[in-house]
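What the coordinates show
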Amino acid sequence: MKYPRTIKKYCPKCRSHQTHNVALYKKGKERTLNQGRRRLERKKRGYGSFPKPIFHKNAKLNKRITPLLECSVCGKKRYAQSHRTKRIELHEV
Ligand SMILES: [Zn+2]
């Protein structure tokens, strides 16, 4: 799928249409010492099976890719509608 590198969209902060720079949303780095991670590490210690179900029956073939729009005037970021595609390509218009 092709997606434009710049797009003109409504900005809720400027309350008008502005050009937005498009980037692709990437998941941030997971913190190693948050409560859920500490609890899982404690549960995984010692004998016994893995404490959480491991999902195997994955029916979906493609991941959702979310474009991230940044207003070129005020810098507010917001998400655009995401699409299930194998790959997404940013191109100049
Ligand atoms: Zn704006």
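Here, every reference points to the structure presented above.
Note that this is a predicted model, so its numbers are computed, not measured. (Residues numbered from 1 in each chain as written. Predicted model: local features only at pLDDT ≥ 70, side-chain atom pairs only at ≥ 80, totals over all residues. Heavy atoms only, no water.)

With respect to the packing of aromatic side chains
Keep this limit in mind: In summary, the pairing rule links any two rings of Phe, Tyr or Trp, Trp by its six-membered ring, whose centres are within 6.5 Å, and it sorts them by plane angle into stacked for under 30 degrees, edge-to-face for over 60 and tilted for everything else. Helix numbering and strand numbering both begin at the N terminus, where a helix is a DSSP run of H or I of at least 4 residues and a strand a DSSP run of E of at least 2. Note on classification: 1.4 Å probe, protein chains only; a residue is buried when its accessible area is under 20% of the maximum for its type, exposed when over 50%, partly exposed between these limits.
Counting across every chain of the model gives one aromatic pair. Ring centres of Tyr-25 and Tyr-79 lie 5.6 Å apart, and the angle between their planes is 90 degrees; this geometry places the pair in the edge-to-face category. With Tyr-25 in the loop between β3 (16-24) and α1 (35-44) and Tyr-79 in strand β6 (residues 77-79), this pair connects stretches of sequence that are 54 residues apart. You can call Tyr-25 partly exposed: its relative accessible area is 43%.

Looking at the coordination of the zinc ion
Six octahedral donors around a metal ideally subtend angles of 90 or 180 degrees, whereas four tetrahedral donors ideally subtend 109.5 degrees. The line we're drawing: Distances define the donors: N, O and S atoms within 2.8 Å of the metal qualify, as do those within 3.2 Å of Na, K or Ca. Water is excluded, so some sites may look unfinished. For four-coordinate sites, all angles between 85 and 135 degrees define a tetrahedron; for four- and six-coordinate sites, opposite donors beyond 155 degrees with the remaining angles between 65 and 115 define square planar and octahedral shapes respectively, and all other cases count as irregular.
The coordination sphere of the zinc ion, as far as protein atoms go, consists of Cys-11 (SG), Cys-14 (SG), Cys-71 (SG) and Cys-74 (SG), spread over 2.2 to 2.3 Å. Note that the zinc ion binds four donor atoms; their angles at the metal cover 105 to 118 degrees, and the shape is tetrahedral. Within one chain, the residues donating to the zinc ion are spaced in sequence as C-x2-C-x56-C-x2-C. Of this pair, Cys-11 sits in strand β2 (residues 6-11) while Cys-71 sits in strand β5 (residues 67-71), and the two are 60 residues apart along the sequence. There is no split in this pair, since Cys-11 and Cys-71 are both buried.

Thoughts on the sheet that holds β3
In plain terms, the rule: A pair of strands is treated as paired once DSSP finds two or more bridges between them. Whenever a helix is involved, its axis is fitted only over the stretch in contact; in every case the axis is a line through C-alpha atoms, and angles between N-to-C directions fall within 0 to 180 degrees.
One open sheet holds the four strands; their spatial order is β2-β3-β5-β6, and the pairing between them is antiparallel. Of all the strands in the sheet, the pair left with one neighbour each is β2 and β6. Shown here is a sheet whose adjacent strand axes are inclined to one another by a mean of 40 degrees, direction ignored. Two strands pair when backbone bridges link them, and β2 and β3 are joined in this way by six bridges, in the antiparallel orientation. Among the inter-strand pairings, Lys-9 is bridged to a residue of β3, identified as Gln-18.

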